[in-house]
Amino acid sequence: MCRPSATLAVWSSAWLNGAAASDDVLDALQVWGEAHDFVAADAAAAEAFDLPLAFNRAATPVQLLLALRSQGAKSMQLLLPVPGDVRGLGGGGPFAEAALRTGEAVVLPDLGYGVVPEAIAEGLMRWTVYSVPMPGVLEYRPLGEAEHGLTDAIRASAGALQALDVASERPGVRAELSARLRAATDAPWPAGMPSRALRVLQRSQEIAAILAIAESDDPGGALSSSAALRRAEALRPLTEAVRNARCASINEAVRVFAEQADRHP
């Protein structure tokens, strides 16, 4: 499972560049909710994207897609911010606050806007477009570098946990891991999605499931609060590596679709 923002970034990029139909985008979003509506957080975003302001009747996904095309959207980036890592949010403000609250966003650095999804009711996802006067631009991270980062973090975390002697042997953990992976939202991807990006996404999903089990097993064999803290510290690099790998995979896919369009005007 990745995130709704990842689905929007990849599928809208594929549509903008002629690699997907609008119905395909709508079908992909259905994984995250039966209904999706779009509003603007401020007057500038409302005017640019022809969207209603929040608390008014919302627009449809198709209206957003058409607005992206009319605005000449080219570049998109997935952000998965957490406290202490707000890269790409462009400083403070409503957009940064919303993205941190939900833990995800899509930023349009060339246009100066950001989009944040939030589940507001069962089956309903609301997407809010924010003006971001000075959007941050994430430094491009090669997919291979992110993949190696996952491998290095796995080794470092495993070694640290073994040294601390707080890695518990949890009965039935393999079955629990398989169940979590089966239950994860299986978001579809467009034809032409880079195979390496898919591979790294799959690997990051498997590691995220392991981390979820580790968190639910807290303190995981640690016999004291200090040992539990050291265990959490040992797992933190792995959590960060998963976030980096997901962002790198999605942003690489967006780049590939844009380059395909440039080669076939």
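Heads up: these notes are all about the structure in this document. Quantities reported herein were computed from a predicted structural model and do not represent experimental measurements.

1. Structural notes on the environment of Arg-203
No. 1: Mapped onto the secondary structure, Arg-203 falls in helix α8 (residues 195–216).
No. 2: Residue Arg-203 is classed as partly exposed on the basis of its relative accessible area of 28%.
No. 3: Setting aside its immediate chain neighbours within four residues, Arg-203 contacts Glu-147, Leu-150, Thr-151 and Ile-154.
No. 4: Of the polar contacts made by the side chain of Arg-203, one reaches the side chain of Thr-151; its length is 2.9 Å.

2. A few points about the sheet that holds strand β2 (residues 77–79)
No. 1: The five strands are arranged β1-β5-β4-β3-β2 in an open sheet whose pairing can be described as mixed. At either margin of the open sheet sits one strand with a lone partner, and together these are β1 (35–40) and β2. Across the sheet, the mean angle separating the axes of adjacent strands is 25° when strand polarity is ignored.
No. 2: The pairing of β1 with strand β5 (residues 124–131) spans six bridges and is classified as parallel. Looking at β5, one finds that Ala-40 is bridged to Val-129.
No. 3: Relative to the sheet, helix α5 (residues 94–102) contacts β2, β3 (105–108), β4 (113–121) and β5, its axis offset from that of β4 by approximately 45°.

3. Points about the nonpolar core
No. 1: Ranked by internal contacts, the top residues of the largest apolar core, which has 45 residues, are Phe-49, Leu-51, Leu-64, Leu-68, Val-129 and Ile-250.
No. 2: With eight residues, the single largest contributor to this core is helix α1 (residues 4–16).
No. 3: Setting aside residues no more than four positions away along its own chain, Leu-51 makes contact with Phe-38, Val-39, Ala-40, Ala-46, Ala-59, Leu-64 and Val-129.
No. 4: The next biggest cluster of nonpolar side chains, apart from the first, holds 15 residues, and it includes Ala-197, Leu-211, Leu-238 and Val-242.

4. Focus on helix α2 (residues 22–29)
No. 1: Within the sequence span of α2, burial applies to Val-25, Ala-28 and Leu-29. One side of α2 carries all its buried residues, which in axial view fall inside an arc of 100°. Opposite the buried face of α2, by more than 90 degrees, sit the exposed residues Asp-23 and Asp-27.
No. 2: Where α2 is buried, its residues meet α1, β1, α4 (61–70) and β5.

5. What about unusual backbone geometry?
No. 1: Of note in this structure, Asp-50 is not a glycine but carries a positive phi near 55°.
No. 2: Among the residues examined, Asp-50 registers a relative accessible area of 62% and is labelled exposed.
No. 3: Despite not being glycine, Phe-55 has its phi angle at roughly 80°, a positive value.
No. 4: Structurally, the position occupied by Phe-55 is in the loop between α3 (43–49) and α4.

Conventions adopted
- Residues numbered from 1 in each chain as written.
- Predicted model: local features only at pLDDT ≥ 70, side-chain atom pairs only at ≥ 80, totals over all residues.
- Heavy atoms only, no water.
- Helix = DSSP H or I, 4+ residues; strand = E, 2+ residues; numbered from the N terminus.
- Buried < 20%, exposed > 50% of the residue type's maximum accessible area, 1.4 Å probe, protein only.
- Contact = heavy atoms within 4.5 Å.
- Polar contact = N/O pair within 3.5 Å; in protein donor to acceptor, adjacent residues only side chain to side chain.
- Pairing = 2+ DSSP bridges.
- Axes fitted to C-alpha atoms, helices over the stretch in contact; angles between N-to-C directions.
- Core = buried A, V, L, I, M, F, W, Y, C linked by side-chain atoms within 4.5 Å.
- Arc of directions from axis to C-beta.

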